[in-house]
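# Structural overview
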Amino acid sequence: MAMTAVRGRLAGAPPDPKAPITPKNFHSKDIVVLVLAIGGSFGLTWLLFSQLLPLQGLQGFLIFWAFAFICMYYVAVRDMDGKMVARDRVMAAIVTVAAIGITIPLILLLAYVTLQGIRFVRLAFFTTTMADVGPLSPATETGGLHAIVGTLEQVGIAMLISVPLGVMTAIYLNEVRGRLQKPVRVFVDAMSGTPSIVAGLFIFAVLVSSHGFSGFAAALALAVLMLPTVTRATEVVLRLVPDGLREASLALGSPEWRTTMRVVLPTARSGVITAILLGVARVIGETAPLIMTAFGSTTLNTNPFSGPQAALPLATFQLARSSQQADIDRAWVFALVLIGIVLVLFVTARRFSARQFGRR
Amino acid sequence: MATRTDDGPVHTAPNPRQIATLRTRSDRVFRGIATSAGSSTLILLFLIGLFLTIKAWPALKCAGASFFTTSEWVPPPRGDCSTFGVAALLYWTVVIAVIAMVIAIPVSIAAALFITEYAPRWLKGPLTSLIDLLAAVPSLLYGMWGAYYLASRLVGTSEWLGDRLGFLPFFKPTNNQPTYGSSAFAAGIVVSLMVVPIVTSVVREVFSQVPPGEKEGALALGSTRWGMIRAVVLPFGRGGIIGGSMLGLGRALGETIAILFMISLIFYIRVNVIEAGANSIAAFIANSFGEAGGTALSALLAAGLVLFFVTLLVNLGAAAVINRSRSGSGVEI
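Conventions and cut-offs
- Residues numbered from 1 in each chain as written.
- Chains lettered and ligands numbered in written order.
- Predicted model: local features only at pLDDT ≥ 70, side-chain atom pairs only at ≥ 80, totals over all residues.
- Domains from an automatic or database assignment.
- Helix = DSSP H or I, 4+ residues; strand = E, 2+ residues; numbered from the N terminus.
- Buried ≥ 20, exposed ≤ 12 C-beta atoms within 10 Å, placed from the backbone.
- Contact = placed C-beta atoms within 7 Å.
- Nonpolar A, V, L, I, M, F, W, Y, C, P; charged D, E, K, R; others polar.
- pLDDT = per-residue confidence, 0-100.
- Expected span 1.5 Å × (residues − 1).
- Core = buried A, V, L, I, M, F, W, Y, C linked by C-beta atoms within 7 Å.

## Quick word on the domain arrangement of chain A
Segmentation of chain A into domains returns domain 1 (25–101) and domain 2 (124–356). For domain 1 of chain A versus domain 2 of chain A, the distance between C-alpha centres works out to 45 Å.

## Let's talk about the environment of G250(B)
As for its position among the elements, G250(B) is in helix α8 (residues 238–254). Classification of G250(B) by C-beta neighbours within 10 Å gives buried; the count is 27. Along the sequence, G250(B) and W226(B) sit 24 residues apart, while their C-alpha atoms lie 31 Å from each other. If we skip the residues at most four places from it in the chain, G250(B) touches G193(A), T311(B), V314(B), N315(B) and A318(B).

## Some points on unusual backbone geometry
All names here are of chain B. Look at the link from P76 to P77: it is a cis peptide, with omega at 10 degrees. Tracing the chain through its elements places P77 in the loop between α1 (25–63) and α2 (87–118). Of note, the phi angle at S182 is positive, near 50 degrees, even though the residue is not glycine. Tracing the backbone shows S182 in the loop between α4 (139–164) and α5 (184–207). On the basis of neighbour count, S182 is assigned to the buried category, with 22 C-beta atoms found within 10 Å.

## Quick notes on the interface of chain A and chain B
A common measure of how large an interface is: the accessible area buried when the components associate. Counting from both sides, the interface comprises 73 residues of chain A and, opposite them, 74 residues of chain B. Sorting elements by how many residues they give to the side of chain A that touches chain B places helix α4 (residues 83–101) of chain A first, with 11 residues. In terms of residue class, the side of chain A that touches chain B is made up of 54 nonpolar, 13 polar and six charged.

## Some details on the confidence of the model for chain B
If pLDDT is low for a region, its predicted coordinates should not be looked at in detail. All names here are of chain B. Looking at chain B, the pLDDT average stands at 87 and 94% of residues meet or exceed 70. Confidence drops under pLDDT 50 across residues 1–5; counting only partners more than four residues distant or on other chains, this segment forms six contacts. Predicted as a complex, the structure gets a pTM of 0.87 and an ipTM equal to 0.88.

## Details of α4(A)
Between its first and last C-alpha, α4(A) extends 26 Å over 19 residues, near the 27 Å set by a 1.5 Å rise per residue. Along α4(A), the residues that are buried comprise V85(A), A86(A), D88(A), R89(A), V90(A), M91(A), A92(A), V95(A) and A99(A).

## A few points about helix α14 (residues 312–320) of chain A
A large share of α14(A) lies buried, amounting to nine of its nine residues. Within the sequence span of α14(A), burial applies to L312(A), P313(A), L314(A), A315(A), T316(A), F317(A), Q318(A), L319(A) and A320(A).

## Focus: the confidence of the model for chain A
This prediction gives chain A a mean pLDDT of 86; 89% of its residues lie at or above 70. In the predicted structure, residues 1–11 of chain A sits below a pLDDT of 50 and forms 12 contacts with residues beyond four places in sequence or in another chain.

## Some points on the nonpolar core
In terms of nonpolar packing, the biggest core is built from 213 residues, with F202(A) and I96(B) touching the most fellow members. The greatest single-element share of this core, amounting to 19 residues, is contributed by α2(B). Per-domain counts for this core show at least three residues from each of domain 1 (25–101) and domain 2 (124–356) of chain A. Not counting residues within four places of it along the chain, the set of residues in contact with I96(B) comprises A184(B), A187(B), G188(B), V191(B), I259(B), A278(B) and S280(B).

## Focus on the environment of L115(A)
Topologically, L115(A) is positioned in helix α5 (residues 103–118). We classify L115(A) as exposed; it has 11 C-beta atoms within 10 Å.

Spelled out as structure tokens, the structure:
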């Protein structure tokens, strides 16, 4: 069975003794089999769908094609190299297709949002509000200034609260290592999975039900969601700071707080920035908690402490639920701006983390 | 442990000396600040539970145990204390999450395997970034894309499932002219896209910690790459797979906006998952928050409280499983 495969491999070019040994054993013969299986299964599927059976639909075609490919490939490799090799090859094919396939929806989504939004986005979006725009105005008349201001203020206040708290929590977990270290770590993990709507309900129960809607309430809800992300990402980079630096600083006589503030944190600076950016990216698109805290508005409200305030995701959500086509088109404009901001944040975060540790 | 040397007395191996630290006042202040920041998470979670309970209490007191067994949702003033409950909401929440996990778990394991075992070096970085980017896209955009692009394309698949696999209870048509679309199945697919990156990142981290010696051992004994994965990588990563899946489940249960866009709300329990109509605690709260007041509002907060406890339990379980497994210690989730 498998021996034939091994013999076949040995009969080829003699292995270079200096080359590192890898489990890679894919030869031109195998590529031919792979291509034939792909082509053959495509042909079979096409024949079945267009000529023989009353089948149709792109999804059915793709599913059937994948199924036919796996069967043909398995049989072909089994005949040549045996069962064990066949199973190995088929699993490799499945794993590869699944891994590459999962990125297809992402590409489709980005393309769709871009195509939908780009038709109506105008520069005036960044300087006007929705105050004078009715549901029947053309979709090119879309103002997002109020929502951008709202999002900036809400996320800014959320950062002011959760970044110091998150970084100090990470310091507690990794530098101070007090008695609560274990429960705090477990609950930070659990809290990172708290549904965003629960955070909104919490702030509603604490603040909004007595003091009314405000951007500040939204910021508090976002801070609750941001805290675990910032904490965990910061803790990871603090762990990567070499102990030698801490010991050197302590040995020179500086107290613990000075060591942490002047040695550990500066060393981990770009990692901490990544953590903050990840936290911002986590909350900037959050819609659910804003429904019950910021409430939304079509006019500019620069005061985050009183009155309903708009936000980019919230405005997108409210427009997308409208029954007017122009409003739905407007929602895509907002969505495009939102995804643009998220992409910029994401790429910047990657840059910062790559600069320091090469991963994360 | 005692060692005897030729020219000396018996030496006992030294115990490490206890280091007594006398901290300066500034250090004590520093530790105090860090400790209070650290405990803020615990306090915050406690406060969330407390305040939701306080606000939900009127509805819970009014409905009593029937809150967990009633399927309909007609709170006062239109209904009375026995006409609202989370049974159907919770059922559909779990159904959507389970559909999402059925799709997401195999895909995540495959993606993690591909990144750690199969992918050429140049592909690993970009692929990891792309999968992480899936997690960064706001839920709202998944919902809009799902509703305007994906939903109409899934109707055909649902029809096909209903026609061909109708003998399975969860695909079995409930009447002669079933309407497909806006279903739990469609919502589950969209949620699965949002869960995959979360599960993948945990599983990938675990797989990357498989001791190379064990993998090389399996290969040296003549196993194929897949044989090595089955014999070494998957058993080693089992804790991470289970924990990561539970973590993903927690996310899927709490997903709000994307589900709201994908489904039409119904308030009864039905086995069929591909016909129109589903529900979800989070999506329902987001949908009806604006028009609720009084007991109706309190009832919504009670539903939120249920969701909070369910997700907290699932997430705590996930953290425990991952931390206890052989491979999981030191893995970030």
